[in-house]
Amino acid sequence: MGSPSRWPSAEISSIILALLVSILAFVFFKYMPDYSPDRNWVRGLPGWLALGYVTVQLWMLLDSALRIRPTSVIDAVLAIAPVVTGIVCGVLWMVDNLHLSLFQLNALAMLTVAGVVEFVSTLWVRNVVLQRGVSVLPGTPA
């Protein structure tokens, strides 16, 4: 038995990142209405941030998938948090309760698409590739 790591597991890190991105995105859309950047290079940031988010989440997914223990269903359930945030913000924008610039609409689309990619990848790797059971809590037998 090895010594316990002082860093959270890949699953916990993935959950924290998904929730943090969802909260930060909602705060950005809610408290910075109609934000449009002054500099052109900022316009590309949503795409690069979405790509970085998906890359980090896939890395953590592969790290947790290579462990020889049951994986938690909580990570798979919370992987949809950015998608839900994107859908809720999109609906709020459509009913005119959230005022978004074209830049923010682009960021919202990137958030939602990145969340879908992460969610589908998580489900696919855990249920199709690994074909192993899931447990409700990390570290408990299936």
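Just so it is clear, the model here is predicted, and its values are computed rather than measured.

## Structural notes on the overall build of the chain
For the chain, the count of helices and strands is five helices and two strands. Counting from the amino terminus, helix and strand elements in the chain follow one another as α-α-β-α-α-α-β. When contacts within the chain are restricted to residue pairs at least 6 apart in sequence, those whose partners lie at least 24 apart make up 89%. Looking at the chain as shown, the accessible area adds up to about 8,800 Å², and 72% of this sits on carbon and sulfur atoms.

## What about the packing of aromatic side chains?
Tallying each qualifying case throughout the model produces three aromatic pairs. Ring geometry for Phe28 versus Phe29: centroids 5.4 Å apart, planes at 50 degrees, classification tilted. Here Tyr35 and Phe103 contribute two aromatic rings whose centre-to-centre distance is 5.8 Å and whose plane-to-plane angle is 70 degrees, an arrangement assigned as edge-to-face. Taken as a pair, Tyr35 in the loop between helix H1 (10-31) and helix H2 (45-65) and Phe103 in helix H5 (residues 102-129) lie far apart in primary sequence, 68 residues in all.

## A few points about the side chain of Ser101
With respect to the helices, strands and loops of the structure, Ser101 is situated in the loop between helix H4 (81-94) and H5. With a relative accessible area of 11%, Ser101 lands in the buried category. A polar side-chain atom of Ser101 sits 2.3 Å from the main-chain carbonyl oxygen of Tyr35. Aside from chain neighbours lying at most four places away, what touches Ser101 is Asp34, Tyr35 and Ser36.

## Topic: unusual backbone geometry
Not every positive phi belongs to a glycine, and Asp34 is a case in point at roughly 55 degrees. Structurally, the position occupied by Asp34 is in the loop between H1 and H2. Accessibility expressed as a relative area gives 47% for Asp34, which makes it partly exposed. The backbone of Asp96 sits at a positive phi, close to 65 degrees, despite the residue not being glycine. Along the chain, Asp96 falls in the loop between H4 and H5.

## Some thoughts on the confidence of the model for the chain
Scored by pLDDT, the chain comes out at a mean of 86, with 84% of its residues at no less than 70. Of all helices and strands in the chain, the one with the weakest mean pLDDT is strand S2 (residues 134-135) (54), whereas H4 scores best (96).

## Quick word on a nonpolar patch on the surface
Together, Leu19, Ile23, Phe26, Val27, Tyr31 and Met32 give the surface a local cluster of nonpolar side chains, amounting to about 560 Å² of exposed area. Counting through the fold element by element, Val27 comes out in helix H1.

## A word on the packing of H1 against H4
Orientation of H1 relative to H4, taken along the N-to-C sense of each, is 15 degrees, at an axis distance of 8 Å. Between H1 and H4, the angle falls in the class roughly parallel. Here H1 runs over H4; the crossing is right-handed. Side by side, H1 and H4 meet where Ala18, Leu19, Ser22, Phe26 and Phe29 of the first sit next to Ala81, Pro82, Thr85, Cys89 and Leu92 of the second. Among the residues making up the contact of H1 with H4, the classes are represented as eight nonpolar, two polar and no charged.

What counts, and where the lines are drawn
Residues numbered from 1 in each chain as written. Predicted model: local features only at pLDDT ≥ 70, side-chain atom pairs only at ≥ 80, totals over all residues. Heavy atoms only, no water. Helix = DSSP H or I, 4+ residues; strand = E, 2+ residues; numbered from the N terminus. Contact = heavy atoms within 4.5 Å. Areas by Shrake-Rupley, 256 points an atom, 1.4 Å probe, with all protein chains shown as cover. Phe/Tyr/Trp six-rings, centres within 6.5 Å; stacked < 30°, edge-to-face > 60°. Buried < 20%, exposed > 50% of the residue type's maximum accessible area, 1.4 Å probe, protein only. Polar contact = N/O pair within 3.5 Å; in protein donor to acceptor, adjacent residues only side chain to side chain. pLDDT = per-residue confidence, 0-100. Patch = residues over 30% accessible without salt bridge, like charges linked within 9 Å, V, L, I, M, F, W, Y side chains within 5 Å. Salt bridge = Lys/Arg side-chain N within 4 Å of Asp/Glu carboxyl O. Axes fitted to C-alpha atoms, helices over the stretch in contact; angles between N-to-C directions. Parallel < 35°, antiparallel > 145°, perpendicular 65-115°, else oblique. Left-handed = near helix turned anticlockwise from the far one by under 90°. Nonpolar A, V, L, I, M, F, W, Y, C, P; charged D, E, K, R; others polar.

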